[in-house]
Every structure is written in structure tokens, then in C-alpha cells.
Amino acid sequence: MRVIAGTARSLPLKTPAGLDTRPTTDRIKETLFNMLQPYLCDAVFVDLFSGSGGIGIEALSRGARHAYFVENDKRALACIVDNLQFTRFTQKATVLRQDAVSALYGIHERGADVIYMDPPYDRDYEKQILQALRELPWVTSETLIVIEASLTCDFSYLDEMGYFLEKEKCYKTNKHVFCRRV
């Protein structure tokens, strides 16, 4: 795994051993960031279920001002810290070792520009996070929320929760859902 573009372009990133994390492939990451690029300049980026930190680091490399990395796994956290040091983004990052819902209440920003989450598939974590995000003052109608999920994950509840679906991009084995608060 590597940084695709920006100031840290081509730098390799560590990933935790084992199957507990699923690093986003370079091809999918490139497609994702081609869609996110207009939102990244001087952005506050929140990377939930960060794994190795590759998504948040890519956002920093492409111009985000600050990134929050939220991860609960000790080995994945060590990779995030190592990767931030290697890419020289430590000063632009806040690493939170907590479960994703609890960590949301520890973020104190005027507003987040992009929130990205890649939770374990098919466990309804997406719904729990979206419920929590409704209560937070730093999540506005301008905040873009991107969810990586399995192809079978149903998001028909978004309207009821006060979100609207902006876009959905499907790949062979998963998809990205783009939504915002109403």
C-alpha cells in the first residue's frame, strides 16, 4: 500500500498483519480521491475505523489541513503512528484510540469537511455512527460523509435519519456511499 498523490506521493505505508483490517486497494483509493479532491483543500478530515491510516494520510497528502484518525486496535494504531511519522504528517494529525462513536464526542472543530468511515462490514456500525453524527455541532449540511460498505448494505433508512444520498459508487466487492445531513 502506498500514498497515491500529493506531497507524500509514492511513499509506502505499513499495514497491520492479519485479516482484522482491509486496506483499501490503490485502485479504489484513487477513484475515491478523484471524487473527493474538490473537498480537500484546507479541509478537516475525519477517518473513522482508520486501520493503517491510509485514507486520512492520502487526504493530508492531497491538501487537507488536519485529519483525525480513530482506531481501537492496538496494532493498527501503531501502524498509523508509524505511517504519520514516515510521511511527516504527525503535526497535522490527531490519533484517537477509542471506539468510533465515543471518539466523535472528543472532536472539537467548528466543522468537519469530510467524514470517512470504513467499519467492519454488515454489523450496522454505519447506522450507529450516523445516529451519533446527527447530534454533533461540527457536522453540518456542508459536511460530506463517505461510507465504505459491502455491496449488500442497505441505506434506505438515510431519509428517516435526516440524511440525503448524494451518490453511490459500486465496485466489484464493495461500494462508497456519499451522503449529507439535510
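None of these values were measured; they are calculated from a predicted model.

**What about the pairing of strand β4 (residues 114–117)?**
Argument step 1. The alternating pattern of β4 places V114 and Y116 and I115 and M117 on opposite faces, both of which are buried.
Argument step 2. One ladder, built from 4 bridges, connects strand β1 (residues 44–48) with β4; its direction is parallel. Each bridged residue has a counterpart across the sheet, and for L48 the counterpart in β4 is M117.
Argument step 3. One ladder, built from 4 bridges, connects β4 with strand β5 (residues 144–150); its direction is parallel. Across the sheet, I115 pairs through a bridge with I145, a residue of β5.
Argument step 4. With helix α5 (residues 125–133) bridging β4 and its parallel neighbour β5, the resulting β-α-β unit is right-handed.

**Points about the packing of helix α1 (residues 26–36) against helix α2 (residues 54–61)**
Argument step 1. Look at α1 against α2: their axes get within 11 Å of each other, and the N-to-C directions meet at 45°. In terms of orientation, α1 and α2 fall into the oblique class. The two elements α1 and α2 cross, and the hand of that crossing is right-handed. Across the interface between the two elements, K29, L32 and F33 from α1 touch G54, I55, E58 and A59 from α2.
Argument step 2. Considering only residue class, the contact of α1 with α2 consists of 4 nonpolar, 1 polar and 2 charged.

**So, the pairing of β1**
Argument step 1. Burial analysis of β1 places 5 of its 5 residues in the buried class, which makes it a mostly covered element.
Argument step 2. The sheet contact formed by β1 and strand β2 (residues 66–71) spans 5 bridges and is parallel. Looking across to β2, one finds that V44 is bridged to H66.
Argument step 3. One crossover worth recording links β1 to the parallel β2 by way of α2, and it is right-handed.

**Let's talk about the nonpolar core**
Argument step 1. Membership of the largest hydrophobic core comes to 31 residues, with the highest contact counts inside it found for I115, L130, L133, W138, I145 and I147.
Argument step 2. At the level of elements, β1, β2, α4 (100–104), β4, α5, β5, α6 (158–161) and β7 (174–181) are the ones that each hand at least two residues to this core.
Argument step 3. In this view, I145 contacts I115, M117, L130, L133, V139, Y163, V177, F178 and C179; residues no more than four positions away in its chain are not counted.
Argument step 4. Judged by nonpolar contacts, the second largest core, of 29 residues, contains A8, L36, L84 and Y116.

The rules behind each value
- Residues numbered from 1 in each chain as written.
- Predicted model: local features only at pLDDT ≥ 70, side-chain atom pairs only at ≥ 80, totals over all residues.
- Heavy atoms only, no water.
- Buried < 20%, exposed > 50% of the residue type's maximum accessible area, 1.4 Å probe, protein only.
- Helix = DSSP H or I, 4+ residues; strand = E, 2+ residues; numbered from the N terminus.
- Pairing = 2+ DSSP bridges.
- Right-handed = clockwise from strand over helix to strand, strands pointing away.
- Axes fitted to C-alpha atoms, helices over the stretch in contact; angles between N-to-C directions.
- Parallel < 35°, antiparallel > 145°, perpendicular 65-115°, else oblique.
- Left-handed = near helix turned anticlockwise from the far one by under 90°.
- Contact = heavy atoms within 4.5 Å.
- Nonpolar A, V, L, I, M, F, W, Y, C, P; charged D, E, K, R; others polar.
- Core = buried A, V, L, I, M, F, W, Y, C linked by side-chain atoms within 4.5 Å.

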